[in-house]
Amino acid sequence: MTFSHIKDEVEQSLRSKVTIAGRVVLVAGFLLWAGTVTAGMWVVLNYANTPGPPADAARVWPSEVSLERTQEVATLVMFAHPRCPCTRASIGELSRIMTREVGRVTAHVLFYAPGDFEADWERTDLWDSAAEIPGVRVHRDADGNLARRLGAKTSGQVALYDASGRLAFQGGITASRGHAGDNVGSTKIRQILDGKTSTNSATSVYGCPLLGRSACGTDDRENACKL
Amino acid sequence: MQTLTDSVHRIGAGVRRRADNLYGESRFELHAHTDRMFAGLMAIQWIAGIVAAVVISPRTWSGAMSQMHIHVWTAVLVGGAISSLPIALALLRPGKRSTRYVIAGAQMLTSALLIHLTGGRIETHFHVFGSLAFLSFYRDWRVLVPATAVIALDHMLRGMFWPESVFGVLSASQWRWIEHACWVIFEDIVLVRSCLMGAREMRVVAARQAQLEASNETVEAKVREQTSELRASESLFRSIAASSPVGIFRTTADSRRLTYVNERCVSITGRSRHELDGSDLLDEIHPDDRDAVMRDWGIAMDTSTEFSRECRLACSDGGATRWIHLRASPQGGDEGEFVGTLEDITSRKRSEGERARLTAVIEQVAEAIFITDVDGTIRYVNPAFEKITGYSRDDVLGAQPRILKSGVQDNAFYADMWTTILSGNNWVGAFTNRKKDGKLIEVQATISPIRDSSDRITNFAAITRDMTEQRALEQQLGQSQKLEAIGQLAAGIAHEINTPTQYVGDNTRFLQDSFEDIVKLFGRFDSLFGDAAEATPSAEDMVAMSKAIEDADLEYLTEEIPRAVEQSLDGVNRVTRIVRAMKEFSHPSEEKTLVDLNRAIDSTITVASNEWKYVAELETDFDKKLETVPCVPGDINQTILNMIVNAAHAIADVVGDGGDGKGKIKVATRLVDEWAEIRIADTGGGIPEDLRRKIFDPFFTTKQVGKGTGQGLSIAHSMIVQKHGGTIDVRSEIGRGTTFIIRLPMAESEVLTEGAAK
């Protein structure tokens, strides 16, 4: 056993230990990374899939509401926060419903507008998008008075009244926050308008708190108001 | 054949391995590139999500109150969280499987987030399918698995917890998410096939690339091999050229401009490489040789043949002409170049000159020279040999030297000679040869062994000089020496003879006078006796008689005449002894005979007595056993005389005329083993050390002109050493005297004794 042999064995042992340590670090790093990403994704998805307070619209079209209701066809009312990014998906779904159900429904989109804010604060791209949808009329809901009266709490909440003025559907028309695509709400509305069902149904609403903290104060789900 | 197959298999296996490597590298590169692309895409998507959130839902409202929308926070935080890990992995671990799996999942999560942020727009759902298409850029169908799993899981969980958000109904089937997942799987099927095709295509490309690389490698290896061989060849050539003992050059054909020279060319010409480059080769040639070189060069160029000429260089080596052998051959081609060699043959030329001179010397010398093999076969004889021996060159080439044997020397003589030269030593000696015509010749020979470079004896060279005439001259010279010696001794001898002759004459005259007186007295006696016969002598007669006796002084005569006779006889004896000594000294015999050495020495001492008796006392100490020594008496006498005269002269140089005392000469003989030894010692001044080596040289003398010729010791040495096979040694001490020791071999005494008996 010469000095060079001892030296070689020590170096080989060190290399082996370094390799093992590197692998340990690599695996640990991977697990840390995976955990972090999983947690982040979980938070994001949980946020996206956490609905607002359940809709609580009037069962019958309230007569004191100044909105025009057509007697021949159903009337759809959507409450929207003009600057809520999540509502863009709801406007999109509304557009698809209106395009598909032409002549069977008229729609009003009420954009929340704080009274002490500057004029036309509510006229955002969402306003324009909604206004461009055939059969849709957009309105300024000053300080959310109409929303309060119609029991809307979350941006994107929809209430569908049939031609007789009875509530046929209430809730959201997106699968999650700001998530476009097929969803239960849109499907229900199309089925109601197609006359395939008349069941009064409701879905979860995914969107920004429509009226802010004051409105949230009436809600049990404080978490939604915090966002 | 098996080897070739194995080689092909080896190459095939190598290409497959390379293709696999290339495929792996390409996949990794593609994955890493796609990872980086997704990192950028993730960042863009994150920013886009934030922008979308800010644009689409910047704030959320609650009545008249608003705050930043949760989508903005979601876009920033969740979007950032989703993008962070895949971006980090894409930057830190690009190309890793785990990275793209995380990216796949994150991309699907991003799709879900964007869909959510855009409010579930159906258009945004295309992000899912676009992302899957993007993920297919990995060309790894496995990536689609986690992506599909995330989508399915998303739908499954949302179907379980928020079914309306996915399926639009609150209570959808729990398996409905599978329907959604199947659409994704439908695209997955297309993309999986695309991924598989893409991967297959990558594999094909990799295989082609590997094949191409293999081909290139083969070509490059061949090129490297040939380049290596070329470099090795060039290196070899340069080494050879650099170390070549012969100059190597390259020139243009027509103008002879040098375009390459090696180091040897530089050293031979004495010019620098810089000077030689581009210069005319002809400039290096001696002006006297240039015309011939140009002529031959032109012929070689015209006929495309080799140029070869020996010529002189223009430069000299310390004044000596330098010779070169110039060779060049045309190399063909449009350039018309000549490549040649330049060899320094100065040494060879000098050797040739020296050899020619040596040959001339050998051919023209008076000494006979012949060269034999080690077995004695004659391989060369010079003209002098032919002249001296009478044999022509054709007669003796291939023959043995024994054809020259005279028979005078016995076999032992020749055996000793062969032993000497075969042992590597020179043999020097004299012997008698027989010429082709049968006449005998005396030769003095030196035979030397000739060695080759490995010190092996290859030949013997004999140089012989015809000594016949020299021997005759030496005899004449010896005789002349004797005559000279006798001439020089004549006065002394005459003096020696004159003394006894004088008193013999005086005595004879005394006897003559005495005889007359006695005759007169006898006449008176006769007349008296006649008268007395006739008459009685008278007194007067008696007185007259008495007076006549008195007048005749008879008593005196009676007393002196015997003495005169005795003295005369003694004188005659002395003369006789001198004459006999001279006779013995000048013995004419040239043949060896048994000589009473003591008597011969004694005679010589007698002959030379007038030379020494005035300056020295001479003492003899003879060994009685030396009565029969084989020698030539004349030579020994001559030698002893020269020694005694030299001793007397040496003593005279010390004692002058002898008035203040005489020196001493001692002559002794001894029989020592097989040698007769003669010692002649004097009390002269001695011989200086530096002169002792020269005293036996001919004509060397330290005596005054007229007193010595310088031939005495030279002839003595020749007689004793060469003629008798004896030795002469000299021992001298400055101021105390010199002793010459002569040794004569006694070996022949028995032979001569037997010959004499016969």
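Residues numbered from 1 in each chain as written. Chains lettered and ligands numbered in written order. Predicted model: local features only at pLDDT ≥ 70, side-chain atom pairs only at ≥ 80, totals over all residues. Heavy atoms only, no water.

Colleague: Sorry, what's going on with the side chain of Asp 140 of chain B here?
Modeller: Note on placement: Asp 140 of chain B falls in the loop between α4 (126-135) and α5 (144-161). If near-sequence neighbours (up to four positions away) are discounted, Asp 140 of chain B is found in contact with Arg 27, His 31, Arg 100, Tyr 101 and Cys 195 of chain B. (Helix = DSSP H or I, 4+ residues; strand = E, 2+ residues; numbered from the N terminus. Contact = heavy atoms within 4.5 Å.)

Colleague: Would you take a moment to explain the packing of aromatic side chains for this structure?
Modeller: What describes a pair of aromatic rings is the distance from one ring centre to the other and the angle between the planes of the rings. Counting across every chain of the model gives 20 aromatic pairs over all chains. Seen in terms of ring centroids, Phe 30 of chain A and Trp 33 of chain A are 5.8 Å apart; in terms of plane orientation they differ by 40 degrees. Their pairing is tilted. Residue Phe 30 of chain A and its partner Trp 33 of chain A are both found in helix α1 (residues 3-48); the two are separated by three residues, about one turn of the helix. With a centroid separation of 6.1 Å and an interplanar angle of 40 degrees, the aromatic rings of Phe 237 of chain B and Tyr 260 of chain B are classed as tilted. Placement of the pair is Phe 237 of chain B in helix α7 (residues 176-243) and Tyr 260 of chain B in strand β4 (residues 258-261), with a sequence separation of 23 residues. Members of the aromatic cluster, connected to one another through ring pairs, are Phe 38, Phe 134, Phe 137 and Tyr 138 of chain B. A cation sits over an aromatic face here: Arg 203 of chain B above Tyr 23 of chain B, 4.0 Å from the ring centre. Between Lys 349 of chain B and the ring centre of Trp 323 of chain B, over which it is positioned, the NZ or CZ distance is 4.4 Å. (Phe/Tyr/Trp six-rings, centres within 6.5 Å; stacked < 30°, edge-to-face > 60°. Lys NZ or Arg CZ within 6 Å of the ring centre and 35° of its normal.)

Colleague: Hey, could you run me through empty space enclosed by the protein in this one?
Modeller: Using a probe with the size of a water molecule, rolled over the atoms, empty space left in the structure can be pinpointed. Residues and elements named next belong to chain B. Under the defined criterion, the tally for this structure stands at three cavities of 30 Å³ or more. Estimated volume of the second largest cavity: approximately 60 Å³. Taken together, Gln 45, Trp 46, Gly 49, Ile 50, Ala 75, Gly 79, Ile 82, Ser 83, Thr 110, Leu 113, Leu 114 and Leu 117 make up the lining of the second largest cavity. Broken down by secondary-structure element, the contributors of at least two residues to the lining of the second largest cavity are α1 (2-56), α2 (70-92) and α3 (97-117). Looking at the lining of the second largest cavity, its residues break down into seven nonpolar, five polar and no charged. (1 Å grid on protein atoms, 1.4 Å probe; cavity = no way out; pocket = protein on both sides within 12 Å on 5 of 7 lines; lining within 4 Å. Points joined across faces, edges and corners; volume = space filled by probe spheres on them. Nonpolar A, V, L, I, M, F, W, Y, C, P; charged D, E, K, R; others polar.)

Colleague: Can you walk me through the state of the cysteines in this structure?
Modeller: A covalent bond bridging the sulfur atoms of two cysteines is what the word disulfide describes. Residues and elements named next belong to chain A. Per the counting criterion, the structure on display carries one disulfide over all chains. Sulfur-sulfur distance for the disulfide between Cys 84 and Cys 208 comes to 2.2 Å. Between Cys 84 and Cys 208 the disulfide shows an S-S torsion of about 80 degrees. By sign, it is right-handed. On the criterion of sequence distance, the pair formed by Cys 84 in the loop between β1 (74-80) and α2 (87-100) and Cys 208 in the loop between β6 (201-202) and α6 (213-216) is long-range, its members being 124 residues apart. Comparing Cys 84 with Cys 208, the two get one shared label, buried. (Disulfide = S-S within 2.5 Å. Buried < 20%, exposed > 50% of the residue type's maximum accessible area, 1.4 Å probe, protein only.)

Colleague: Looking at this structure, I do not really get the pattern of salt bridges. What am I missing?
Modeller: Pairing is possible between side chains of opposite charge, provided their charged atoms come close. All names here are of chain B. In this structure the tally under the stated criterion is 47 salt bridges over all chains. Residues Arg 224 and Glu 217 are paired through a salt bridge, measuring 2.7 Å at the closest nitrogen-oxygen approach. A relative accessible area of 43% places Arg 224 in the partly exposed class. Here Arg 731 ties to Asp 729 by a salt bridge, and the two come within 3.8 Å at their closest N and O atoms. Assessed through its relative accessible area of 37%, Asp 729 is described here as partly exposed. (Salt bridge = Lys/Arg side-chain N within 4 Å of Asp/Glu carboxyl O.)

Colleague: Sorry, what's going on with the interface of chain B and chain A here?
Modeller: By convention, interface size is frequently given as the accessible area that disappears when the constituent parts associate. Chain B puts 37 residues into the contact, and the matching count from chain A is 46 residues. Overall, the association of chain B and chain A removes approximately 3200 Å² of surface from exposure, summing both partners, and the carbon and sulfur fraction of that is 69%. If you look at where chain B meets chain A, you find zero salt bridges. Counting across the interface, chain B meets chain A through six residue pairs in polar contact (both at pLDDT 80 or more). Looking at which element gives the most residues to the side of chain B that touches chain A, the answer is α2 of chain B, with nine residues. Classifying every residue of the side of chain B that touches chain A by side-chain character gives 19 nonpolar, 14 polar and four charged. (Buried area = accessible area lost by both parts, 1.4 Å probe. Polar contact = N/O pair within 3.5 Å; in protein donor to acceptor, adjacent residues only side chain to side chain.)

Colleague: Would you mind showing me how to read the nonpolar core here?
Modeller: For soluble globular proteins, the rule of thumb is that nonpolar side chains tend to be buried together. All names here are of chain B. Grouped together as the largest cluster of nonpolar side chains are 46 residues, with contacts concentrated most on Ile 665 and Phe 740. It is helix α20 (residues 633-655) that provides the largest number of residues to this core, a total of 10 residues. With residues up to four places along the chain from it excluded, the contact list for Phe 740 reads Met 643, Ile 678, Arg 679, Ile 680, Ile 687, Ile 695, Phe 696, Leu 713, Ile 728, Asp 729 and Val 730. By size, the runner-up hydrophobic cluster in this structure holds 37 residues, among which are Met 42, Leu 117, Leu 135 and Leu 144. (Core = buried A, V, L, I, M, F, W, Y, C linked by side-chain atoms within 4.5 Å.)

Colleague: Any chance you could explain the pairing of strand β11 (residues 440-451) of chain B here in plain terms?
Modeller: Remark: a regular strand shows side chains that alternate across the two faces of the sheet. Residue and element names in this part refer to chain B. Across eight bridges, strand β10 (residues 427-434) lies against β11 in antiparallel orientation. Bridge assignment links Gly 429 to a residue of β11, and that residue is Ala 445. Counting the residues that bridge the hairpin from β10 to β11 gives five residues, and of these Gly 438 lies at a positive phi of roughly 95 degrees. Where β11 lies against strand β12 (residues 457-466), nine bridges are found, and the strand directions are antiparallel. Counterpart to Val 443 in the pairing with β12 is Asp 466. Here β11 folds back onto β12 in antiparallel fashion, the turn holding five residues, of which Asp 455 has a positive phi close to 65 degrees. (Pairing = 2+ DSSP bridges.)

Colleague: Help me out: how do you make sense of unusual backbone geometry in this one?
Modeller: Both trends apply: most residues other than glycine have a negative phi, and most peptide bonds are in trans. Positive phi, close to 60 degrees, is recorded for Asp 120 of chain A, a residue that is not glycine. Assignment of secondary structure puts Asp 120 of chain A in the loop between β2 (105-113) and α3 (125-131). The partly exposed category is assigned to Asp 120 of chain A, whose relative accessible area is 47%. One non-glycine residue, Asp 673 of chain B, lies in positive phi territory at about 55 degrees.

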